[in-house]
Amino acid sequence: MRPGEGLKRGSDARSGTRTAVFISRQRLIGATNGSSAYLLAVARTLKACGYTVDLVQPTPAIAGRTPALRTTGDMDVFASHHVRSALHFGRTFLFASPSIWFAGLLGFARRVIRRAGITADWAQDRPAAYAVATPWTRADLDFVRRSIKTDTDLVIADYAFCAPGLEFAPPAARTAILMHDLFHSRDGKGEDSVAMLSKAEEIFLLGQAQAVFAIQANEKAFVEQHVPGTRSILVPMPADPVEKPEPGLDDRILFVGSLTAPNVVGLRWFLSEVWPQVRASRPHAQLLVAGTVSRAFAEPVAGVNFAGLIPDLGEAYREAGVVISPLTFGSGLKIKLIEAMAKGKAVVATPITLQGVEQHCEGAVHSTSCASKFADLVAALVVDPCERKRMGAKALGVVREHFAVEPVHKDLRQWLNADPD
(Lines give C-alpha, C1' and ligand atoms only; values in the text may rest on other atoms or scores of the structure.)
Protein backbone atom coordinates (compact mmCIF):
# COMPACT_ATOMS: atom_id res chain seq x y z
CA MET A 1 0.00 0.00 0.00
CA ARG A 2 1.34 3.41 -0.93
CA PRO A 3 1.39 6.23 1.66
CA GLY A 4 -2.02 7.89 1.85
CA GLU A 5 -3.92 5.04 0.21
CA GLY A 6 -6.36 3.18 2.45
CA LEU A 7 -6.73 -0.58 2.27
CA LYS A 8 -9.16 -2.52 4.41
CA ARG A 9 -9.18 -6.31 4.31
CA GLY A 10 -12.33 -8.24 5.15
CA SER A 11 -12.44 -10.97 7.78
CA ASP A 12 -12.87 -13.69 5.14
CA ALA A 13 -10.50 -12.30 2.51
CA ARG A 14 -9.67 -14.38 -0.56
CA SER A 15 -12.30 -17.02 0.20
CA GLY A 16 -13.52 -17.52 -3.40
CA THR A 17 -11.98 -19.32 -6.35
CA ARG A 18 -12.61 -16.42 -8.74
CA THR A 19 -12.06 -12.69 -8.22
CA ALA A 20 -14.42 -9.82 -8.99
CA VAL A 21 -13.55 -6.13 -8.58
CA PHE A 22 -16.05 -3.29 -8.26
CA ILE A 23 -14.84 0.15 -9.35
CA SER A 24 -17.01 2.64 -7.48
CA ARG A 25 -17.00 6.38 -6.93
CA GLN A 26 -20.04 6.58 -4.69
CA ARG A 27 -19.67 7.08 -0.95
CA LEU A 28 -19.98 3.43 -0.01
CA ILE A 29 -19.85 2.82 3.74
CA GLY A 30 -22.74 0.35 4.08
CA ALA A 31 -26.37 -0.05 3.04
CA THR A 32 -27.08 3.59 3.95
CA ASN A 33 -28.95 4.49 0.75
CA GLY A 34 -30.58 2.80 -2.21
CA SER A 35 -27.59 2.79 -4.57
CA SER A 36 -25.25 1.45 -1.89
CA ALA A 37 -27.74 -1.24 -0.84
CA TYR A 38 -28.09 -2.29 -4.48
CA LEU A 39 -24.35 -2.67 -5.07
CA LEU A 40 -23.94 -4.62 -1.82
CA ALA A 41 -26.78 -6.97 -2.79
CA VAL A 42 -25.07 -7.73 -6.10
CA ALA A 43 -21.74 -8.21 -4.28
CA ARG A 44 -23.36 -10.75 -1.95
CA THR A 45 -24.67 -12.73 -4.92
CA LEU A 46 -21.18 -12.74 -6.48
CA LYS A 47 -19.75 -14.05 -3.23
CA ALA A 48 -22.44 -16.75 -3.06
CA CYS A 49 -21.40 -17.81 -6.58
CA GLY A 50 -17.84 -18.40 -5.42
CA TYR A 51 -16.21 -15.05 -6.15
CA THR A 52 -13.84 -13.20 -3.88
CA VAL A 53 -15.09 -9.60 -4.16
CA ASP A 54 -12.83 -6.54 -3.94
CA LEU A 55 -13.76 -2.84 -3.95
CA VAL A 56 -11.65 -0.12 -5.53
CA GLN A 57 -12.54 3.55 -4.92
CA PRO A 58 -10.18 5.73 -6.95
CA THR A 59 -11.20 9.25 -5.91
CA PRO A 60 -11.06 11.07 -2.56
CA ALA A 61 -14.15 12.96 -3.75
CA ILE A 62 -16.18 10.19 -2.09
CA ALA A 63 -15.43 11.97 1.20
CA GLY A 64 -17.35 15.06 0.09
CA ARG A 65 -16.87 17.32 3.09
CA THR A 66 -16.62 14.51 5.66
CA PRO A 67 -12.94 13.89 6.49
CA ALA A 68 -13.60 10.57 8.26
CA LEU A 69 -15.86 7.80 6.96
CA ARG A 70 -16.75 4.79 9.11
CA THR A 71 -17.98 1.63 7.40
CA THR A 72 -20.60 -0.79 8.67
CA GLY A 73 -20.64 -4.57 8.88
CA ASP A 74 -22.37 -4.70 5.46
CA MET A 75 -18.97 -3.94 3.93
CA ASP A 76 -17.50 -7.24 5.13
CA VAL A 77 -18.68 -8.79 1.86
CA PHE A 78 -15.54 -7.25 0.34
CA ALA A 79 -12.28 -9.13 0.82
CA SER A 80 -10.42 -5.84 0.34
CA HIS A 81 -11.37 -2.18 0.09
CA HIS A 82 -8.92 0.22 -1.58
CA VAL A 83 -9.49 3.98 -1.22
CA ARG A 84 -7.19 6.54 -2.81
CA SER A 85 -5.75 9.26 -0.56
CA ALA A 86 -7.17 7.80 2.65
CA LEU A 87 -5.64 6.19 5.72
CA HIS A 88 -7.39 3.18 7.19
CA PHE A 89 -7.91 2.57 10.92
CA GLY A 90 -10.23 -0.33 11.75
CA ARG A 91 -13.55 0.51 10.09
CA THR A 92 -12.59 4.17 9.60
CA PHE A 93 -11.07 5.84 6.55
CA LEU A 94 -9.39 9.18 7.27
CA PHE A 95 -8.78 11.66 4.45
CA ALA A 96 -5.81 14.01 4.82
CA SER A 97 -6.81 16.58 2.19
CA PRO A 98 -7.01 20.10 3.73
CA SER A 99 -9.80 21.03 1.29
CA ILE A 100 -12.03 18.24 2.64
CA TRP A 101 -11.43 19.33 6.24
CA PHE A 102 -12.09 22.99 5.37
CA ALA A 103 -15.32 22.11 3.54
CA GLY A 104 -16.46 20.07 6.53
CA LEU A 105 -15.77 22.87 9.00
CA LEU A 106 -17.47 25.42 6.74
CA GLY A 107 -20.56 23.22 6.42
CA PHE A 108 -20.73 22.78 10.20
CA ALA A 109 -20.41 26.54 10.74
CA ARG A 110 -23.23 27.22 8.28
CA ARG A 111 -25.51 24.76 10.09
CA VAL A 112 -24.82 26.50 13.41
CA ILE A 113 -25.53 29.88 11.83
CA ARG A 114 -28.83 28.71 10.32
CA ARG A 115 -29.93 27.25 13.65
CA ALA A 116 -29.31 30.67 15.14
CA GLY A 117 -31.97 32.04 12.78
CA ILE A 118 -29.75 33.58 10.10
CA THR A 119 -31.18 32.74 6.67
CA ALA A 120 -28.94 34.82 4.39
CA ASP A 121 -27.82 33.20 1.13
CA TRP A 122 -24.21 32.88 2.32
CA ALA A 123 -25.42 30.77 5.26
CA GLN A 124 -27.23 28.21 3.10
CA ASP A 125 -25.98 24.66 2.72
CA ARG A 126 -23.82 23.94 -0.33
CA PRO A 127 -23.37 20.18 -0.71
CA ALA A 128 -20.18 18.86 -2.23
CA ALA A 129 -20.30 17.66 -5.81
CA TYR A 130 -21.57 14.09 -6.11
CA ALA A 131 -18.46 11.97 -6.58
CA VAL A 132 -20.09 9.44 -8.93
CA ALA A 133 -19.95 11.82 -11.88
CA THR A 134 -16.86 13.94 -11.13
CA PRO A 135 -14.33 14.05 -13.99
CA TRP A 136 -11.72 11.30 -13.99
CA THR A 137 -8.15 12.37 -13.26
CA ARG A 138 -4.89 10.69 -14.19
CA ALA A 139 -4.39 9.87 -10.50
CA ASP A 140 -7.79 8.12 -10.43
CA LEU A 141 -6.96 6.03 -13.49
CA ASP A 142 -3.48 5.15 -12.20
CA PHE A 143 -5.02 4.00 -8.91
CA VAL A 144 -7.41 1.67 -10.73
CA ARG A 145 -4.58 0.31 -12.85
CA ARG A 146 -2.46 -0.47 -9.76
CA SER A 147 -5.38 -1.97 -7.82
CA ILE A 148 -6.63 -4.53 -10.35
CA LYS A 149 -4.59 -7.74 -10.35
CA THR A 150 -3.71 -9.53 -13.56
CA ASP A 151 -5.65 -12.66 -12.55
CA THR A 152 -8.95 -10.81 -11.92
CA ASP A 153 -11.88 -12.62 -13.55
CA LEU A 154 -14.57 -9.91 -13.53
CA VAL A 155 -14.46 -6.10 -13.35
CA ILE A 156 -17.69 -4.20 -12.65
CA ALA A 157 -18.09 -0.44 -13.09
CA ASP A 158 -20.50 1.04 -10.56
CA TYR A 159 -22.66 3.38 -12.70
CA ALA A 160 -21.92 4.14 -16.35
CA PHE A 161 -19.76 7.02 -15.14
CA CYS A 162 -17.13 4.47 -14.04
CA ALA A 163 -16.80 2.90 -17.50
CA PRO A 164 -13.35 4.49 -18.07
CA GLY A 165 -11.98 2.24 -15.33
CA LEU A 166 -12.83 -0.86 -17.38
CA GLU A 167 -9.82 -0.05 -19.55
CA PHE A 168 -7.63 -1.75 -16.93
CA ALA A 169 -9.48 -5.07 -16.84
CA PRO A 170 -7.15 -7.96 -17.72
CA PRO A 171 -7.61 -9.23 -21.29
CA ALA A 172 -9.24 -12.47 -20.12
CA ALA A 173 -11.58 -10.80 -17.62
CA ARG A 174 -15.25 -10.16 -18.24
CA THR A 175 -16.55 -6.62 -17.76
CA ALA A 176 -19.92 -5.26 -16.69
CA ILE A 177 -21.62 -2.03 -15.69
CA LEU A 178 -24.00 -1.84 -12.73
CA MET A 179 -26.42 0.55 -14.40
CA HIS A 180 -28.55 1.84 -11.47
CA ASP A 181 -30.39 4.45 -13.54
CA LEU A 182 -30.99 5.72 -17.06
CA PHE A 183 -29.57 9.17 -16.55
CA HIS A 184 -30.40 10.87 -19.84
CA SER A 185 -34.10 10.40 -19.03
CA ARG A 186 -33.69 12.99 -16.27
CA ASP A 187 -32.71 15.71 -18.76
CA GLY A 188 -34.73 18.88 -18.26
CA LYS A 189 -36.22 17.70 -14.96
CA GLY A 190 -34.20 20.03 -12.75
CA GLU A 191 -30.71 20.27 -11.33
CA ASP A 192 -29.53 16.96 -9.93
CA SER A 193 -26.82 16.01 -7.49
CA VAL A 194 -25.77 13.49 -10.14
CA ALA A 195 -24.40 14.92 -13.40
CA MET A 196 -26.50 14.57 -16.50
CA LEU A 197 -25.68 12.50 -19.54
CA SER A 198 -27.00 12.87 -23.05
CA LYS A 199 -28.56 9.83 -24.66
CA ALA A 200 -25.55 9.44 -26.97
CA GLU A 201 -23.08 9.76 -24.09
CA GLU A 202 -24.93 7.18 -22.03
CA ILE A 203 -25.12 4.70 -24.90
CA PHE A 204 -21.40 5.14 -25.52
CA LEU A 205 -20.49 4.48 -21.88
CA LEU A 206 -22.77 1.46 -21.58
CA GLY A 207 -21.18 0.06 -24.71
CA GLN A 208 -17.76 -0.09 -23.03
CA ALA A 209 -18.73 -3.24 -21.10
CA GLN A 210 -19.52 -6.76 -22.21
CA ALA A 211 -22.62 -6.78 -20.02
CA VAL A 212 -24.94 -4.28 -18.35
CA PHE A 213 -26.84 -5.11 -15.16
CA ALA A 214 -30.19 -3.31 -15.50
CA ILE A 215 -32.24 -2.76 -12.36
CA GLN A 216 -35.65 -2.94 -14.04
CA ALA A 217 -37.26 -4.23 -17.23
CA ASN A 218 -37.71 -0.89 -19.02
CA GLU A 219 -34.00 -0.14 -18.75
CA LYS A 220 -33.02 -3.65 -19.81
CA ALA A 221 -35.13 -3.09 -22.94
CA PHE A 222 -33.33 0.23 -23.58
CA VAL A 223 -29.95 -1.48 -23.53
CA GLU A 224 -31.17 -4.26 -25.81
CA GLN A 225 -32.46 -1.72 -28.32
CA HIS A 226 -29.70 0.89 -28.24
CA VAL A 227 -26.55 -0.99 -27.14
CA PRO A 228 -26.83 -4.19 -29.19
CA GLY A 229 -23.19 -5.20 -28.74
CA THR A 230 -23.61 -5.42 -24.97
CA ARG A 231 -25.41 -8.19 -23.07
CA SER A 232 -28.32 -6.86 -21.01
CA ILE A 233 -29.07 -8.72 -17.78
CA LEU A 234 -32.04 -7.94 -15.55
CA VAL A 235 -30.75 -7.59 -11.97
CA PRO A 236 -33.46 -6.04 -9.76
CA MET A 237 -32.95 -5.06 -6.14
CA PRO A 238 -33.73 -8.04 -3.90
CA ALA A 239 -35.60 -7.64 -0.64
CA ASP A 240 -35.76 -9.50 2.66
CA PRO A 241 -39.44 -9.44 3.67
CA VAL A 242 -40.62 -9.38 7.27
CA GLU A 243 -42.85 -12.21 8.47
CA LYS A 244 -46.12 -10.29 8.72
CA PRO A 245 -47.56 -6.87 7.83
CA GLU A 246 -46.79 -3.97 10.13
CA PRO A 247 -49.70 -1.49 10.13
CA GLY A 248 -47.84 0.94 12.40
CA LEU A 249 -49.37 3.84 14.28
CA ASP A 250 -52.18 6.18 13.32
CA ASP A 251 -51.16 9.60 11.94
CA ARG A 252 -47.54 8.51 11.38
CA ILE A 253 -46.17 8.99 7.87
CA LEU A 254 -42.65 8.22 6.63
CA PHE A 255 -40.52 9.32 3.70
CA VAL A 256 -37.01 7.88 3.26
CA GLY A 257 -34.55 9.21 0.69
CA SER A 258 -31.07 10.42 -0.06
CA LEU A 259 -30.06 13.85 -1.36
CA THR A 260 -30.87 13.46 -5.06
CA ALA A 261 -33.00 15.68 -7.25
CA PRO A 262 -35.87 13.18 -7.72
CA ASN A 263 -36.23 12.91 -3.94
CA VAL A 264 -35.88 16.64 -3.32
CA VAL A 265 -38.28 17.69 -6.07
CA GLY A 266 -40.80 14.99 -5.18
CA LEU A 267 -40.78 15.86 -1.50
CA ARG A 268 -41.15 19.57 -2.27
CA TRP A 269 -44.21 18.76 -4.36
CA PHE A 270 -45.66 16.70 -1.53
CA LEU A 271 -45.02 19.39 1.09
CA SER A 272 -46.46 22.22 -1.00
CA GLU A 273 -49.37 20.48 -2.75
CA VAL A 274 -50.32 17.46 -0.65
CA TRP A 275 -49.26 17.98 2.96
CA PRO A 276 -51.52 21.01 3.66
CA GLN A 277 -54.53 18.94 2.57
CA VAL A 278 -53.49 15.99 4.74
CA ARG A 279 -53.09 18.28 7.76
CA ALA A 280 -56.46 19.88 7.09
CA SER A 281 -58.05 16.42 7.40
CA ARG A 282 -55.72 15.11 10.09
CA PRO A 283 -54.30 18.01 12.18
CA HIS A 284 -52.25 15.60 14.30
CA ALA A 285 -50.60 13.85 11.36
CA GLN A 286 -46.81 13.74 11.59
CA LEU A 287 -44.34 13.20 8.75
CA LEU A 288 -40.86 11.82 9.46
CA VAL A 289 -38.31 12.55 6.71
CA ALA A 290 -35.37 10.18 7.08
CA GLY A 291 -32.15 10.29 5.06
CA THR A 292 -29.85 12.94 3.66
CA VAL A 293 -32.69 14.46 1.61
CA SER A 294 -33.46 16.37 4.82
CA ARG A 295 -30.47 18.64 4.12
CA ALA A 296 -32.35 20.28 1.24
CA PHE A 297 -35.04 21.63 3.59
CA ALA A 298 -33.77 24.42 5.84
CA GLU A 299 -37.14 25.95 6.70
CA PRO A 300 -39.37 24.23 9.30
CA VAL A 301 -42.72 22.80 8.17
CA ALA A 302 -45.56 22.20 10.62
CA GLY A 303 -45.89 18.53 11.48
CA VAL A 304 -42.68 17.53 9.69
CA ASN A 305 -39.52 16.19 11.33
CA PHE A 306 -36.51 16.45 8.99
CA ALA A 307 -34.53 13.85 10.90
CA GLY A 308 -31.69 13.18 8.45
CA LEU A 309 -29.78 9.94 8.92
CA ILE A 310 -31.25 8.04 11.86
CA PRO A 311 -29.65 5.18 13.80
CA ASP A 312 -32.55 2.74 13.51
CA LEU A 313 -34.47 2.96 10.25
CA GLY A 314 -36.19 -0.31 11.20
CA GLU A 315 -37.92 1.39 14.11
CA ALA A 316 -39.05 4.23 11.85
CA TYR A 317 -40.64 1.72 9.48
CA ARG A 318 -42.32 -0.19 12.31
CA GLU A 319 -43.94 2.96 13.70
CA ALA A 320 -45.01 4.38 10.32
CA GLY A 321 -48.64 3.89 9.40
CA VAL A 322 -48.08 5.02 5.81
CA VAL A 323 -44.93 5.26 3.69
CA ILE A 324 -44.99 7.80 0.84
CA SER A 325 -43.02 7.95 -2.41
CA PRO A 326 -44.09 11.16 -4.20
CA LEU A 327 -41.52 11.14 -7.02
CA THR A 328 -42.33 13.28 -10.05
CA PHE A 329 -39.41 12.12 -12.21
CA GLY A 330 -36.56 9.67 -12.06
CA SER A 331 -35.33 6.38 -13.47
CA GLY A 332 -34.21 3.01 -12.23
CA LEU A 333 -36.06 0.77 -9.80
CA LYS A 334 -37.20 2.81 -6.81
CA ILE A 335 -35.38 0.83 -4.17
CA LYS A 336 -37.12 2.49 -1.25
CA LEU A 337 -40.46 1.38 -2.68
CA ILE A 338 -39.37 -2.26 -2.54
CA GLU A 339 -37.89 -1.72 0.92
CA ALA A 340 -41.17 -0.31 2.26
CA MET A 341 -43.16 -3.16 0.74
CA ALA A 342 -40.75 -5.68 2.26
CA LYS A 343 -41.44 -4.07 5.65
CA GLY A 344 -45.14 -4.90 5.21
CA LYS A 345 -46.21 -1.27 4.92
CA ALA A 346 -49.09 0.54 3.25
CA VAL A 347 -47.56 2.71 0.52
CA VAL A 348 -48.94 5.70 -1.38
CA ALA A 349 -46.85 6.57 -4.43
CA THR A 350 -46.88 8.39 -7.74
CA PRO A 351 -46.89 6.45 -11.03
CA ILE A 352 -43.25 7.46 -11.59
CA THR A 353 -42.31 5.46 -8.51
CA LEU A 354 -43.85 2.33 -10.02
CA GLN A 355 -42.09 2.53 -13.39
CA GLY A 356 -41.00 -0.94 -14.46
CA VAL A 357 -42.95 -2.75 -11.71
CA GLU A 358 -46.48 -1.51 -12.34
CA GLN A 359 -47.94 -4.95 -13.02
CA HIS A 360 -46.33 -6.52 -9.96
CA CYS A 361 -47.53 -3.75 -7.62
CA GLU A 362 -51.10 -3.45 -8.87
CA GLY A 363 -53.41 -3.66 -5.88
CA ALA A 364 -50.53 -3.61 -3.38
CA VAL A 365 -49.66 0.10 -3.65
CA HIS A 366 -51.97 3.10 -3.97
CA SER A 367 -50.82 5.24 -6.89
CA THR A 368 -51.83 8.69 -8.17
CA SER A 369 -50.19 11.80 -9.56
CA CYS A 370 -53.08 14.03 -8.44
CA ALA A 371 -52.22 16.01 -5.30
CA SER A 372 -55.76 15.99 -3.89
CA LYS A 373 -56.18 12.24 -4.47
CA PHE A 374 -52.76 11.60 -2.95
CA ALA A 375 -53.83 13.57 0.13
CA ASP A 376 -57.14 11.72 0.36
CA LEU A 377 -55.41 8.33 0.17
CA VAL A 378 -52.91 9.24 2.90
CA ALA A 379 -55.55 10.80 5.15
CA ALA A 380 -57.79 7.73 4.83
CA LEU A 381 -55.00 5.25 5.56
CA VAL A 382 -53.59 6.96 8.65
CA VAL A 383 -56.85 6.26 10.52
CA ASP A 384 -57.50 2.76 9.16
CA PRO A 385 -55.12 0.13 10.60
CA CYS A 386 -57.17 -2.70 9.08
CA GLU A 387 -56.68 -1.35 5.56
CA ARG A 388 -53.00 -0.72 6.28
CA LYS A 389 -52.65 -4.34 7.41
CA ARG A 390 -54.41 -5.58 4.28
CA MET A 391 -52.16 -3.53 2.01
CA GLY A 392 -49.08 -4.61 3.95
CA ALA A 393 -50.01 -8.27 3.51
CA LYS A 394 -50.52 -7.73 -0.23
CA ALA A 395 -47.16 -5.95 -0.49
CA LEU A 396 -45.38 -8.81 1.29
CA GLY A 397 -46.90 -11.28 -1.15
CA VAL A 398 -45.58 -9.26 -4.09
CA VAL A 399 -42.11 -9.06 -2.56
CA ARG A 400 -41.93 -12.78 -1.81
CA GLU A 401 -42.97 -13.68 -5.35
CA HIS A 402 -41.07 -11.11 -7.37
CA PHE A 403 -38.32 -9.48 -5.30
CA ALA A 404 -36.75 -12.15 -3.08
CA VAL A 405 -33.06 -12.70 -3.88
CA GLU A 406 -33.49 -16.12 -5.50
CA PRO A 407 -35.88 -15.08 -8.30
CA VAL A 408 -34.50 -11.59 -8.94
CA HIS A 409 -30.84 -12.66 -9.28
CA LYS A 410 -31.51 -15.82 -11.26
CA ASP A 411 -30.27 -14.31 -14.56
CA LEU A 412 -27.23 -12.81 -12.82
CA ARG A 413 -26.25 -16.16 -11.32
CA GLN A 414 -26.61 -17.87 -14.68
CA TRP A 415 -24.33 -15.32 -16.32
CA LEU A 416 -21.77 -15.52 -13.51
CA ASN A 417 -21.64 -19.31 -13.66
CA ALA A 418 -21.53 -19.54 -17.46
CA ASP A 419 -18.25 -20.00 -19.26
CA PRO A 420 -16.91 -16.68 -20.67
CA ASP A 421 -17.66 -16.17 -24.34
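The structure we're discussing is the one just above.
Calculation rules
- Residues numbered from 1 in each chain as written.
- Predicted model: local features only at pLDDT ≥ 70, side-chain atom pairs only at ≥ 80, totals over all residues.
- Heavy atoms only, no water.
- Core = buried A, V, L, I, M, F, W, Y, C linked by side-chain atoms within 4.5 Å.
- Buried < 20%, exposed > 50% of the residue type's maximum accessible area, 1.4 Å probe, protein only.
- Helix = DSSP H or I, 4+ residues; strand = E, 2+ residues; numbered from the N terminus.
- Pairing = 2+ DSSP bridges.
- Contact = heavy atoms within 4.5 Å.
- Axes fitted to C-alpha atoms, helices over the stretch in contact; angles between N-to-C directions.
- Phe/Tyr/Trp six-rings, centres within 6.5 Å; stacked < 30°, edge-to-face > 60°.

## Concerning the nonpolar core
In step 1: Ranked by size, the top nonpolar core spans 34 residues in total, and within it Ile177 and Leu206 carry the most contacts.
In step 2: Put simply, the parts of the chain that give this core at least two residues each are β2 (18–23), α3 (138–147), β8 (154–158), α4 (199–206), β10 (211–214) and α5 (217–226).
In step 3: Counting 32 residues, the second largest nonpolar core, distinct from the first, contains Tyr38, Leu39, Ile335 and Leu412.

## Let's talk about the pairing of strand β11 (residues 231–234)
In step 1: Here β10 runs beside β11; their pairing, made up of four bridges, is parallel. The partner of Ala211 across the bridge, within β11, is Arg231.

## Things to note about the sheet that holds strand β14 (residues 304–308)
Strand pairing in a sheet relies on backbone hydrogen bonds, with the paired strands running either antiparallel or parallel.
In step 1: Strand order in the open sheet formed by six strands is β14-β13-β12-β15-β16-β17, with parallel pairing between adjacent strands. Two strands bound the open sheet, and with one partner strand each, they are β14 and β17 (366–367).
In step 2: Note that strand β12 (residues 252–256) and strand β15 (residues 322–325) share two bridges and pair parallel. The residue of β15 that forms the bridge with Ile253 is Val322.
In step 3: Helix α10 (residues 371–381) contacts β12, β15, β16 (346–349) and β17 of the sheet and is inclined by roughly 165 degrees relative to β16.

## With respect to the packing of aromatic side chains
In this description, an aromatic ring pair is defined by two values, namely the gap between the centres and the angle between the planes.
In step 1: Inspection of every chain in the model, using the stated rule, returns eight aromatic pairs.
In step 2: Centroid distance Phe213 to Trp415: 5.6 Å. Interplanar angle 80 degrees. Geometry classified as edge-to-face. With a gap of 202 residues between them, Phe213 in strand β10 and Trp415 in helix α13 (residues 410–417) connect regions that are remote in the sequence. Like Phe213, the residue Trp415 is buried in the burial classification.

## Description of unusual backbone geometry
In step 1: One non-glycine residue, Ser85, lies in positive phi territory at about 60 degrees.
In step 2: Looking at where Ser85 falls in the secondary structure, it is placed in the loop between β5 (80–83) and β6 (86–89).
In step 3: For Ser85, a relative accessible area of 29% puts it in the partly exposed group.
In step 4: One non-glycine residue, Asp251, adopts positive backbone phi at about 65 degrees.
In step 5: With respect to the helices and strands, the residue Asp251 is situated in the loop between β11 and β12.

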